[in-house]
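Listed below are the residues making up each chain.
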Amino acid sequence: MTSTTLPILLLLGGFVLQLLLARWLTPVGKGVLATAVVFASFLASLTLVPASMAGVAAEAPLLAGWDGPLSIGLRVDGLSVLFMVMGTGIGAAILLFSVRYMEHEEQGTTRFYAIMLVFIAGLLLLAGAADMLGAYVAWEVIGLCSYSLVGFWYKQKAATDGARKVLVITHLAGYGFLVGLVLVYARAGTLVWTDPAVAPAFTSGVAALFIVAAMAKSVMFPLHTWIPEAMNAPTPVSALLHSACYVKAGVYLIARMYVVGGGQWHEAMGTPLLAVGCVTILVGVIFAMAQTDLKRLLAFHTVSQLGYIVVGLALGTDLGLAAGLFYCLSHALFKGTLFMCAGAIQHATGTRDLRDLGGLASAMPGTAKVWIIAAASIAGVPLTNGFVAKWLLFSAALDKGLLVVVLVGWIGSILTAFSFLKATVNAFYGVPSTALLGKRIHEASPSMLAGMGSMAGLCLLFGVAPQLLMLPIVAPAVRSLGFDWAVEMSWLGILTDRGTIAVTVGGGVVLASAMLGLLVYRLAQAPAPGLVSVYSGGEPLPAGDRPGAVDFAEMAETAFHPVYSLDPDPGYLRIWRALTRVAGAAQTTAGAVLEDRPLLPIGLVAIAALAGVWLV
Amino acid sequence: MDTVLIPLFLGIALGVGLYARAIPQGDRSWWRFAATTVALAVAARLAGHSWTATLLASAAELVAVGMVWSGGTDAARAAARKYLTAVVLATLCTWAALALTGLGTLRPGAPWDKLAVALLLIGVALKLGLVPVYFWLPAVARASSAMTTALIVAVVDVGAFCELLTLRDTAPWIFTGFAPLWIGLAVLSLLGAALLALAQRALKPMLAFSSIDDMGYLLLGLVIGGADGMAGAWFGILGHALGKIVLFGAVGAAEWHLGRAVTLDDRGLSTPLPVASAAFMLGALGFIGIPPTLGFIGHWRLYLAGAELGGPLLLIVLYASSAMALLCYVRVIHRVWLGPAAAGPAVGTGGQPLPRAAAAVLLVFAIAPVLFGLVPNRLRPTLDPHPHVAELTGPLVANPLGGVK
């Protein structure tokens, strides 16, 4: 066992322990064990940071002599470390949250924690795999884990329908990865990412196949439709799926392609990928605006946010990659937090329907604060990591002269802010809905608050001091992809190599103003939260009324009516129906001709074989 | 001695025996026929590549017909007649072809070489139930107990296919010289059977068509040959054998529970039969070729062999077949096994829980492909390897990071 393989082996050891100790551990005990294992794996991943900062790629065999001459081995470079730290760090926080969230689950907790551990181990293997075959194995292991976890409540139709969609869409598209690597191996005789022989074999067609696979995993339009259906899973699963382990697999694959031939694929596929990313930003957020289910709303925002990340990677510059990878980490933090808040709300109220929520800030003040930080982050409010991520992304796009990308990103940010304003107001402020009357709503447990609070805290920390993440994690990742990038960044993510000292000062003023505002608010002895109407942005609404989720959703549906026709699901359904019709017709014919009259096909085959051998 | 197939067949015999004691598959005559079928198949493997082996394998096929006939119903007898027709014709064609080629040791002059290939093609198609002469396999699946079909597919057919693998080594000209015909047969089977599997409502015939589809895959690997094609076919056939025992076994357990045939109209069987449900899911995923199962070890090499021979066009065909197989199995998993259970009591004599022995057999056969998928090298024969196996057992770790061909 080496320090390189330790993070993965710890997780697999935890998996075995879960199975062995299942009979003796309580659900809480299983959760604590899983959290401890993932946290240990996180610490082990952190030990890999110094080597990656020094530009060293650590190599180690994981499954030597696996399949003939092929082995599964690790080659952990800067990009690997980024995903390993993200997967284990976010995973540990989510599992800490799970301890209390899952404690009342009557059955299946061993299955839940065991698969969660394999899920995270799969991401680590994907990130560290030295070659494409190992990466593909990890890719599908992640897929299977996700399928099992989304269908955790396998006796509920909604849960199994979601799982089915996850498997079908991502696996069918995932064949692109398999076919692509097969073509590379057939031409190059090797699958090692960094082998120079791979570059000539890694054609634009192969890159396109890899991108299709990545699009499905990373919910790019039009392969994104599985993700809202995957929401009928336990919230920790949704959180892990959306933040760190699943949708980021596609991001990883796109980034990893840059090590092949110096990113030669980008010349032909960069622009199409950029276009896909931009469309995804807008489609995701517009669909999110029409949702009234909190988790579905967050799911569509995942689509939109992944669009930003892919745009960053598709820019093909050092700053673009840094922006994309920083965005990837930031998204993991704020989206994981948001999902855990949604889970805490559902846990406390029994619903996640925004129409049935309201006024929760008074009953769940801790959750409300955490939610607001994460919501501010996803909307790109200064002082959060979401702001830094967008700032870097827009800077990278402007460097390339792609004003349209900035425009799309800006519109997407505005709509994101609108959508989260709706969600925040509907869930936490205003008058509680009648559906909540008589319910005893409780704050999230301390461990749940610790899980989501720690991540929200990091959203603020990396918003104020992004260089803490940039220097040890993001910059080595960018350099490992063949870009010679030196971090020139100050507080708040201001790029100091672009003569923006004045903007830095401006950022400081913003920070000071915010602090001053808070001080004034406190000194003015602000009234305690109560059942008050919310400022609606116009004429006062009748007492007790407020702009609700339905109003907002209807407004969005009216305003963006043509966009909603871009739902690809009806198209997929038509393909399926056509296929079953063809199959039915084939069966009718074959049944009558081939099955009921055996001598006929035998005669036909005999004639065809005899004719064939003389013709060949 | 064949150190992989013989233990595999004996393991299958033990598993099917335990399963059949817990969930009856037939009367005493069924037991006799089943035991004799496996014994003859094992003896054929012990005899190596010889006329004795050919005779023993053919005898195993004929005895397997008796297994179907022992079902006793009109449908069983009709299916047995169809199977017998296929077996007799296939045996005659194959024997004639082998006689013409001296068991594959010589190439006769024209036109006898062409005749031999044509006869072998017909014989193989009939034996393995390939499209368009698949008529006997769905009929057998519909009319027989689950493990009857499983034994035929996992022992008799696998034995026949492995005999073909040997012939691929001893007489490669049969395949390379007439590759378009073999590839045509393989493509027709993997596309046609995948499409027909989608049209089935009853699970056992669906599994039968899925077997035919998989045989098309494996035949393609065999015809393409080379280290990748042969290794793909070898690992694929092993995954096929293990997978079919699990899939038919799980469906048999559901039939036992319901007291009737299982169709796509059944719902939520995972609630009363969680072990059978999990086994079916694992078996299906392995059969589709999802890593880290043994099915993947075979399938990715078959894709590779397809790419080397037919380029993107053949890859598209393989993709189409894989996609249809996935849709087919996922539909079954989500309609029949997962989700809420159907309202109301089970019909017939149903409602019976899965016996422990049957559950244990299903679990062992479901987990085995996953474990072997992690250590596929263990499945390589250690004695008297055929040339294709020798190619596989070359220097194992050319590069500790993998990826070197």
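Each residue is numbered by its place in its chain's sequence as written, counting from 1. Here every chain gets a letter starting at A, and every ligand a number starting at 1, in the order they are written. In view of the model being predicted, local features appear only for residues whose pLDDT reaches at least 70, and side-chain atom pairs are presented and counted only at 80 or more, with totals across whole chains, interfaces and linings using the full set of residues.

**Some remarks on the overall build of chain A**
Thinking step 1. A run of DSSP states H or I qualifies as a helix once it reaches four residues; a run of E qualifies as a strand once it reaches two. Both are numbered from the N-terminal end. Broken down by element type, chain A carries 25 helices and two strands.
Thinking step 2. For chain A, the spread of C-alpha atoms along the principal axes amounts to about 100 × 60 × 55 Å.
Thinking step 3. Here a residue counts as buried when 20 or more other C-beta atoms fall within 10 Å of its C-beta, as exposed when 12 or fewer do, and as partly exposed in between; the C-beta atoms come from the backbone. When burial is assessed residue by residue, chain A has 58% of its 616 residues classed as buried.
Thinking step 4. Contact between two residues is assigned when their C-beta atoms, built from the backbone, lie within 7 Å. When contacts within chain A are restricted to residue pairs at least 6 apart in sequence, long-range pairs at least 24 apart make up 78% of them.

**Some remarks on the interface of chain B and chain A**
When the parts of a complex come together, some accessible area is lost, and that lost area is often taken as the interface size.
Thinking step 1. Listed by partner, the interface residues are 60 residues for chain B and 66 residues for chain A.
Thinking step 2. Secondary-structure elements contributing two or more residues to the side of chain B that touches chain A are helix 4 (74-100), helix 5 (112-128), helix 6 (136-143), helix 9 (179-199) and helix 13 (294-337) of chain B.
Thinking step 3. Looking at which element gives the most residues to the side of chain B that touches chain A, the answer is helix 13 of chain B, with 14 residues.
Thinking step 4. Under the convention adopted here, Pro, Cys and the residues Ala, Val, Leu, Ile, Met, Phe, Trp and Tyr are nonpolar, Asp, Glu, Lys and Arg are charged, and Gly plus all remaining residues are polar. Looking at the side of chain B that touches chain A residue by residue, the classes come out as 45 nonpolar, eleven polar and four charged.

**Observations regarding helix 7 (residues 146-170) of chain B**
Residues and elements named next belong to chain B.
Thinking step 1. Every helix has an expected span of 1.5 Å times one less than the residues it contains. Compared with an ideal rise of 1.5 Å per residue, which puts 25 residues at 36 Å, helix 7 spans 35 Å between its outermost C-alpha atoms and is within 8% of the ideal.
Thinking step 2. The sharpest bend along helix 7 comes to roughly 30°, located at Val 158.
Thinking step 3. For helix 7, the buried fraction is high: 21 of the 25 residues fall into the buried class. Note on bend: at a given residue it equals the angle between the axes fitted to the 7 residues ending there and to the 7 starting there.

**Some remarks on the environment of Met 555 of chain A**
Residue and element names in this part refer to chain A.
Thinking step 1. Along the chain, the position of Met 555 falls in helix 23 (residues 549-559).
Thinking step 2. Taking the number of C-beta atoms within 10 Å as the measure of exposure, Met 555 has 15 and is therefore partly exposed.
Thinking step 3. In this structure the C-alpha to C-alpha distance between Met 555 and Ala 290, which are 265 residues apart in sequence, comes to 8.2 Å.

**A few points about the packing of helix 7 (residues 157-188) of chain A against helix 13 of chain B**
Thinking step 1. Lines fitted to C-alpha atoms define the axes, with helix axes restricted to the stretch in contact, and inter-axis angles between N-to-C directions lie between 0 and 180 degrees. At a minimum axis separation of 10 Å, helix 7 of chain A and helix 13 of chain B run at an interaxial angle of 170°. As summarised for this structure, helix 7 of chain A and helix 13 of chain B are arranged roughly antiparallel, according to the angle between their axes.
Thinking step 2. Looking at the contact of helix 7 of chain A with helix 13 of chain B residue by residue, the class counts come to 20 nonpolar, four polar and two charged. These descriptions rest on fixed angle ranges, namely under 35 degrees for roughly parallel, over 145 for roughly antiparallel, 65 to 115 for roughly perpendicular, and the rest for oblique.

**Focus: unusual backbone geometry**
Thinking step 1. Cis peptide bonds are those with omega within 30 degrees of zero, and the linkage from Val 131 of chain B to Pro 132 of chain B qualifies with 15°.
Thinking step 2. Backbone torsion omega between Pro 291 of chain B and Pro 292 of chain B reads 5°, so that peptide bond is classified as cis.
Thinking step 3. One non-glycine residue, Val 219 of chain A, adopts positive backbone phi at about 50°.
Thinking step 4. Position of Val 219 of chain A relative to the elements: it lies in the loop between helix 9 (204-217) and helix 10 (226-229).
Thinking step 5. Despite not being glycine, Leu 383 of chain A shows a phi value in the positive range, around 85°.
Thinking step 6. If you trace the backbone, Leu 383 of chain A turns up in the loop between helix 17 (365-379) and helix 18 (385-399).
Thinking step 7. Residue classification places Leu 383 of chain A among the buried residues on the basis of 20 C-beta atoms within 10 Å.

**Here we look at the packing of helix 9 of chain B against helix 10 (residues 203-224) of chain B**
Residues and elements named next belong to chain B.
Thinking step 1. Between helix 9 and helix 10, the shortest axis-to-axis distance is 8 Å and the interhelical angle comes to 155°. Judged on the interaxial angle alone, helix 10 and helix 9 are roughly antiparallel. By crossing handedness, the relation of helix 9 to helix 10 is classed as left-handed. From helix 9, Ala 179, Trp 182, Ile 183, Leu 185, Ala 186, Val 187, Ser 189, Leu 190, Ala 193, Ala 194, Leu 196 and Ala 197 reach across to helix 10, where they touch Met 206, Phe 209, Ser 210, Ile 212, Asp 213, Met 215, Gly 216, Tyr 217, Leu 219, Leu 220 and Val 223.
Thinking step 2. Considered class by class, the residues forming the contact of helix 9 with helix 10 number 19 nonpolar, three polar and one charged. Here a crossing is called left-handed whenever its near helix is offset anticlockwise from the far helix by less than a right angle, and right-handed whenever the offset is clockwise.

**Observations concerning the pairing of strand 1 (residues 58-67) of chain A**
Working note: regular strand, side chains alternate between the two faces of the sheet.
All names here are of chain A.
Thinking step 1. Note that strand 1 and strand 2 (residues 70-76) share six bridges and pair antiparallel. Bridging across to strand 2, Glu 59 finds its partner in Arg 75.
Thinking step 2. Only when DSSP finds a minimum of two bridges between them are two strands counted as paired. In this antiparallel pair of consecutive strands, strand 1 and strand 2, the connection spans two residues, and Gly 68 shows a positive phi of 60°.

**Description of the domain arrangement of chain A**
Thinking step 1. Domain annotation for chain A reports domain 1 (277-521 + 543-567) and domain 2 (568-615).
Thinking step 2. Per the annotation, domain bounds derive from an automatic or database assignment of domains. Here domain 1 of chain A and domain 2 of chain A have C-alpha centroids that lie 53 Å from each other.

**Description of helix 1 (residues 6-20) of chain A**
Three or four residues apart is the spacing at which side chains of an α-helix point the same way, because the helix has 3.6 residues per turn.
Residues and elements named next belong to chain A.
Thinking step 1. In this model helix 1 runs 20 Å from its N-terminal to its C-terminal C-alpha over 15 residues, within 8% of the 21 Å that 1.5 Å per residue would give.
Thinking step 2. Buried within helix 1 are the following residues: Pro 7, Ile 8, Leu 10, Leu 11, Gly 14, Phe 15 and Gln 18. Down the axis of helix 1, the buried side of the element spans an arc of 160°, and every buried residue falls inside it. Residues Val 16 and Leu 20 are exposed on helix 1 and point more than 90 degrees away from its buried face.
Thinking step 3. Along its buried surface, helix 1 packs onto helix 2 (27-46), strand 1, helix 4 (78-101) and helix 5 (109-128). Summarising the geometry, the arc corresponds to the directions from the helix axis toward the C-beta atoms.

**Here's the deal with the pairing of strand 2 of chain A**
Thinking step 1. For strand 2 of chain A, the buried fraction is high: seven of the seven residues fall into the buried class.
Thinking step 2. Residue alternation in strand 2 of chain A divides its side chains into two sets, Leu 70, Ile 72, Leu 74 and Val 76 of chain A and Ser 71, Gly 73 and Arg 75 of chain A, and both sets are buried.

**Things to note about the environment of Leu 327 of chain B**
Thinking step 1. Residue placement: Leu 327 of chain B occurs in helix 13.
Thinking step 2. For Leu 327 of chain B, a count of 19 C-beta atoms within 10 Å corresponds to the partly exposed category.
Thinking step 3. In sequence terms Leu 327 of chain B and Gly 311 of chain B are 16 residues apart; their C-alpha atoms lie 24 Å from each other.
Thinking step 4. The contacts of Leu 327 of chain B, once residues within four sequence positions are left out, are Val 168 of chain A together with Leu 198 of chain B.

**Focus on the environment of Ala 233 of chain B**
Residue and element names in this part refer to chain B.
Thinking step 1. Positionally, Ala 233 belongs in helix 11 (residues 226-258).
Thinking step 2. On the neighbour-count criterion, Ala 233 (30 C-beta atoms within 10 Å) is buried.
Thinking step 3. Measuring from C-alpha to C-alpha, the distance between Ala 233 and Ala 325 comes to 18 Å, with 92 residues separating the pair along the chain.
Thinking step 4. When near neighbours in sequence (up to four residues on either side) are disregarded, Ala 233 contacts Leu 165, Leu 218, Gly 221 and Leu 222.

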